Amino acid sequence: MAKMWAGRFKKEVDAKVNDFNSSISFDAVMYKHDIEGSIAHAMMLGKQNIIDPKEAELIVQGLKGILADIESGVLEFDMTAEDIHMFVEAELTKRLGETGKRLHTARSRNDQVALDIRMYLKDETKEIEVLVKELAETLCDIAEEHTETVMPGYTHLQRAQPITFGHHLMAYVQMLLRDIGRLQDTYKRMNVMPLGSGALASTTYPIDRRLVSDLLGFSAPTQNSLDGVSDRDFCIELASAVATLMMHLSRLSEEVILWCSWEFKFIELDDAYSTGSSIMPQKKNPDITELVRGKTARAIGNLTTLLTMMKGLPLAYNKDMQEDKEAVFDSCKTAKLCVSTMTPMLKTMKVLKENMRNAAARGFINATDCADYLVKKGMAFRDAYKITGTLVAYCIDHDKTLETLSLQEYQSMHPSFESDVFDAISLDTCVKGRNVLGGPAPEMVKQQIVEARKQLEYEMTSKMD
Ligand code: ARG
């Protein structure tokens, strides 16, 4: 494809350099946003009489035709084009002749690309948000079924205190609610319109930036032309929100992987969401979750790429910034893929309640409750802690649990123990007793679910657009 800037040059660009320089292989995905942006720009040029309104109308129709032809597959991208912006403009000129050449009046590719990425990422952010909301709702649904499903809670991956599976899952819902908040916050700052910044110093034409901003559904035009073309904070913020979201999915994945192992066997994934081994006939592997955990590395890498790419750039546009797209687009694609695969995987998994309860019944996770029992009888916590520690050591030596000790054994350790100790250390009592706000008691988890659903409803109806 002939270069727009050929007039200034005596030689054609080297073919390899052309490939090296070209971004169409990864920015063609923005074709719709590029065309919509150009339509708004042409309408404004016509309205302001910067170009003949009749020609503006021809340009608008020409651009709509190009969009329709790309979507129907009639028009293919020219991979030798420098980027999607040059491709669309050249195609328009092919179709309209002289008139097509007027589209780029009062515009630079620098403000054009800044506009296109914002428009593209606004859509991506909304799509990710919807998927995260579905995942959060799915987790609420599963949690609701398991407000009484006792499992061990862990610290240091050692059995610690009794909780329920519902309580555990709702912790992830809290993370996802924060992820939604971060996406919405990112969206707010992404939603300003840079066109009119020109190459860097705006333009001498009497453009109407507010009109373009309104036509394209932005909240306002950007305030400084240098910043308008130099800013990629919104890419970094989105990549950061996605990296945090992926880190959450990765932690959940890690737990699912553990829970699927024979060592835990707390859940079983549906066959449709597991894979086998090519050699070991017994295997059923949680590949999806391993991939989510693995792909989290890309999301973190993309954020690092963007920060590193930007940190040394003088104002305003530098070609380094062309590297923004592959990184942030990949983060969005990865997040959408991972969230939309995890939701049905979780929806279809089998929860093996008995195994959770059996695990909870071993490992002395009611030892804190045993100490608390003595405290409630009037003993200082530190003394109660010591006596219970001695009891646990005794149990380990005699292959017993706190539940299977006899009352005599308890009383030989301390006379404050009475027959009600067995009720005090039963797993159900331990869970139900933790009925403070945020605790694992079934009624508190039910309350958490109600609150989370309310928040999901509110977040979705109010924030984006
Ligand atoms: N393909 C370029 C990018 O993605 C578009 C902007 C080019 N501007 C320029 N002056 N070379 O960043």
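The structure we're discussing is the one just above.
Residues numbered from 1 in each chain as written. Predicted model: local features only at pLDDT ≥ 70, side-chain atom pairs only at ≥ 80, totals over all residues. Heavy atoms only, no water.

(A) Expanded view of the overall build of the chain. Helices and strands together make up the secondary structure of the chain, namely 19 helices and six strands. Against the compact-globule benchmark of 23 Å for 465 residues, the chain has a radius of gyration of 30 Å, which places it well outside the compact range. Each principal axis of the C-alpha atoms in the chain carries an extent, and together these give about 100 × 50 × 40 Å. Taken across its 465 residues, the chain has 49% of its residues classed as buried. A fraction of 76% describes how many contacts in the chain between residues 6 or more apart in sequence connect residues 24 or more apart. Carbon and sulfur atoms make up 54% of the accessible area of the chain, which totals about 22500 Å². (Helix = DSSP H or I, 4+ residues; strand = E, 2+ residues; numbered from the N terminus. Rg over C-alpha atoms; globule rule 2.2 N^0.38 Å. Buried < 20%, exposed > 50% of the residue type's maximum accessible area, 1.4 Å probe, protein only. Contact = heavy atoms within 4.5 Å. Areas by Shrake-Rupley, 256 points an atom, 1.4 Å probe, with all protein chains shown as cover.)

(B) Summary view of the pairing of strand β2 (residues 158-164). Where strand β1 (residues 150-155) lies against β2, six bridges are found, and the strand directions are antiparallel. The residue bridging Thr155 from the neighbouring strand is Gln158, located in β2. Taken together, β1 and the strand that follows it, β2, pair antiparallel across an intervening segment of two residues, in which His156 is found at a positive phi of about 55°. (Pairing = 2+ DSSP bridges.)

(C) Highlighting the nonpolar core. Among the nonpolar cores identified, the biggest contains 108 residues, and Leu121, Phe165, Leu249, Val256, Ile267 and Leu346 are the most heavily contacted of them. Ranked by size, the runner-up nonpolar core spans 17 residues in total, among them Ala367, Leu374, Tyr410 and Phe417. (Core = buried A, V, L, I, M, F, W, Y, C linked by side-chain atoms within 4.5 Å.)

(D) Quick peek at the packing of aromatic side chains. Throughout the structure, instances matching the rule amount to ten aromatic pairs. With a centroid separation of 5.9 Å and an interplanar angle of 50°, the aromatic rings of Tyr31 and Phe77 are classed as tilted. Of this pair, Tyr31 sits in helix α3 (residues 31-47) while Phe77 sits in the loop between α4 (53-72) and α5 (84-96), and the two are 46 residues apart along the sequence. Centre to centre, the rings of Tyr154 and Phe264 are 5.9 Å apart; their planes meet at 50°, and the pair counts as tilted. Of this pair, Tyr154 sits in strand β1 while Phe264 sits in the loop between α10 (233-260) and β5 (267-268), and the two are 110 residues apart along the sequence. (Phe/Tyr/Trp six-rings, centres within 6.5 Å; stacked < 30°, edge-to-face > 60°.)

(E) Structural context of the environment of Lys446. Inspection of the secondary structure puts Lys446 in helix α19 (residues 442-462). Given the relative accessible area of 43%, Lys446 is considered partly exposed. Distance in space between the C-alpha atoms of Lys446 and Glu144 is 6.8 Å, their sequence separation being 302 residues.

(F) Region of interest: the site of the ligand. Within the structure, the ligand sits among Ser23, Asp83, His85, Arg109, Asn110, Val113, Tyr317, Gln322 and Lys325. One of the side-chain nitrogen or oxygen atoms of Ser23 is found 3.1 Å away from a nitrogen atom of the ligand. Relative to its unbound accessible area of 340 Å², the ligand is 85% covered by the protein chains. Tallying contributions element by element places helix α6 (residues 109-145) first for the shell around the ligand, with three residues. Class assignment for the residues of the shell around the ligand results in two nonpolar, four polar and three charged. (Near = heavy atom within 4 Å. Polar contact = N/O pair within 3.5 Å; in protein donor to acceptor, adjacent residues only side chain to side chain. Nonpolar A, V, L, I, M, F, W, Y, C, P; charged D, E, K, R; others polar.)

(G) Broad picture of the pattern of salt bridges. Evaluation of the coordinates by the stated rule reveals 28 salt bridges. With a closest N to O distance of 3.4 Å, Glu91 and Lys94 form a salt bridge. You can see Glu91 and its partner Lys94 sitting in helix α5, three residues apart, about one turn around the helix. Between Asp141 and Arg453 there is a salt bridge; the shortest N-O distance is 2.7 Å. Highlighted residues: Asp141 in helix α6 and Arg453 in helix α19, separated in sequence by 312 residues. On the basis of relative accessible area, Asp141 is assigned to the partly exposed category, the value being 39%. Judged by relative accessible area, Arg453 falls into the partly exposed class, the value being 28%. (Salt bridge = Lys/Arg side-chain N within 4 Å of Asp/Glu carboxyl O.)

(H) Layout of a nonpolar patch on the surface. Side chains of Leu200, Leu226 and Leu315 sit close together on the surface and give an oily, nonpolar patch of about 270 Å² of accessible area. Tracing the backbone shows Leu315 in the loop between α11 (287-310) and α12 (324-347). (Patch = residues over 30% accessible without salt bridge, like charges linked within 9 Å, V, L, I, M, F, W, Y side chains within 5 Å.)

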